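# Descriptive structure summary
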Amino acid sequence: MKSRRNFIRKVAFASATATLSGTLVAQSIESQQLYHQVFFWLKPEVDVEEFIIASKMLAKCKSVLDFKVGTPADTTKRPVIDDSYSVACLVIFDSVEAHDSYQKDPIHLQFIEDHSAKWTDVKIYDFFV
């Protein structure tokens, strides 16, 4: 009988621990910021500085916490570095929902409409911090 009670206690403890761990992981993910990195390969005739100035309008989107834009850094060349892009943007959001709101924001949609013909390729990398 005593071993059965110990077994039940252990199972109950394991269940509670698993539930708590799952809850903590979910809360942790919810509280993480989403970093949205966008890399543009511009057409040769596009003025990079003008494109950078135009892209700064994206910082005005309501759900954006922070916005940075720039060109590849002049770091030492190594095989693992891809500096073939023209311009990169870093947009920070406080949640996936904020990111999703940004995707529908009229400012973002206007930027795409006005400038998408200027790039040959775009790559996006999103991650939590």
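These notes cover the structure that comes with them. (Residues numbered from 1 in each chain as written. Predicted model: local features only at pLDDT ≥ 70, side-chain atom pairs only at ≥ 80, totals over all residues. Heavy atoms only, no water.)

### Thoughts on the side chain of Ser86
Residue placement: Ser86 occurs in the loop between β2 (66–70) and β3 (87–93). Residue Ser86 is classed as buried on the basis of its relative accessible area, which comes to 19%. Of the polar contacts made by the side chain of Ser86, one reaches the backbone nitrogen of Leu42; its length is 3.0 Å. With sequence-adjacent residues up to four places away left out, Ser86 is seen in contact with Phe40, Trp41, Leu42, Val48, Gly70, Thr71 and Pro72. (Helix = DSSP H or I, 4+ residues; strand = E, 2+ residues; numbered from the N terminus. Buried < 20%, exposed > 50% of the residue type's maximum accessible area, 1.4 Å probe, protein only. Polar contact = N/O pair within 3.5 Å; in protein donor to acceptor, adjacent residues only side chain to side chain. Contact = heavy atoms within 4.5 Å.)

### Examining the packing of aromatic side chains
By the definition in use, this model includes 11 aromatic pairs. Ring geometry for Phe40 versus Trp119: centroids 4.9 Å apart, planes at 50 degrees, classification tilted. Of this pair, Phe40 sits in strand β1 (residues 34–42) while Trp119 sits in strand β4 (residues 119–128), and the two are 79 residues apart along the sequence. Here Phe40 matches Trp119 in class, with each residue buried. (Phe/Tyr/Trp six-rings, centres within 6.5 Å; stacked < 30°, edge-to-face > 60°.)

### Some thoughts on the packing of helix α3 (residues 96–104) against helix α4 (residues 106–115)
One way to put it is that α3 packs onto α4 with a least axis distance of 5 Å and a crossing angle of 50 degrees. In this view, α3 runs oblique relative to α4, as classed from their interaxial angle. Between α3 and α4, the contacting residues are Tyr102, Gln103 and Lys104 on the first element and Pro106, His108 and Leu109 on the second. Here the contact of α3 with α4 is built from residues that sort into 3 nonpolar, 2 polar and 1 charged. (Axes fitted to C-alpha atoms, helices over the stretch in contact; angles between N-to-C directions. Parallel < 35°, antiparallel > 145°, perpendicular 65-115°, else oblique. Nonpolar A, V, L, I, M, F, W, Y, C, P; charged D, E, K, R; others polar.)

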